[in-house]
Amino acid sequence: MAAVYRAAPPAAATDVPAGERGATRIADRVVARIAARAAREALREAAPGAPTDAHATVTVTRRDIRPPFGEARLRIAVELAYPAPIGAQCRLVRRQVTERVRALTEMTVTEVAVQVERLNSPLLTDRARERLR
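Q: Please explain the pairing of strand S2 (residues 71–81) as it appears in this structure.
A: On a regular strand, one side chain projects to one face of the sheet and the next to the other, so that they alternate. A large share of S2 lies buried, amounting to nine of its eleven residues. In this sheet, strand S3 (residues 108–120) lies alongside S2 in parallel orientation, the contact comprising eleven bridges. Paired with Leu74 across the strands is Val112, a residue of S3.

Q: Whenever I open this one, the nonpolar core confuses me. Can you help?
A: In summary, soluble globular proteins display a tendency toward joint burial of nonpolar side chains. Leu74, Ile76, Val93, Val97 and Val101 are the most contacted members of the largest nonpolar core, which has 28 residues in total. Those elements that place two or more of their residues in this core are helix H1 (28–46), strand S1 (53–61), S2, helix H2 (86–105) and S3. Ranked by residues supplied to this core, first place goes to H1 with nine residues. Not counting chain neighbours up to four residues away, the residues in contact with Ile76 comprise Ala35, Ala39, His55, Ala56, Val93, Val97, Val112, Ala113, Val114 and Gln115.

About the cut-offs
- Residues numbered from 1 in each chain as written.
- Predicted model: local features only at pLDDT ≥ 70, side-chain atom pairs only at ≥ 80, totals over all residues.
- Heavy atoms only, no water.
- Buried < 20%, exposed > 50% of the residue type's maximum accessible area, 1.4 Å probe, protein only.
- Helix = DSSP H or I, 4+ residues; strand = E, 2+ residues; numbered from the N terminus.
- Pairing = 2+ DSSP bridges.
- Core = buried A, V, L, I, M, F, W, Y, C linked by side-chain atoms within 4.5 Å.
- Contact = heavy atoms within 4.5 Å.

In structure tokens:
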């Protein structure tokens, strides 16, 4: 007769002390990509069809008093179409980035600084084309 071996059932997560379970860390570059994508989406929503670009640098601070994934302070650099309401576009970017990073990473977003790197004007690009002719 063959012996039947049964594996012991895995221990429930509550049976293992918190310090021994490990931790999930979200890489800074992942948070930066999420923030940049959210910024581009916000700019496309604000000015459909306008050429926009955004990239992000991120500083992630993790503290014990915050939710398990820490606290993020973000800096977003954007290019905006001009003429346009620059302040309104920056507010939209700030709001979208904060909501998206919170939703996808469960991090607390304490600061989103939006830096306008370049203003793209159709008038300026038309003049530049004329000079090249």
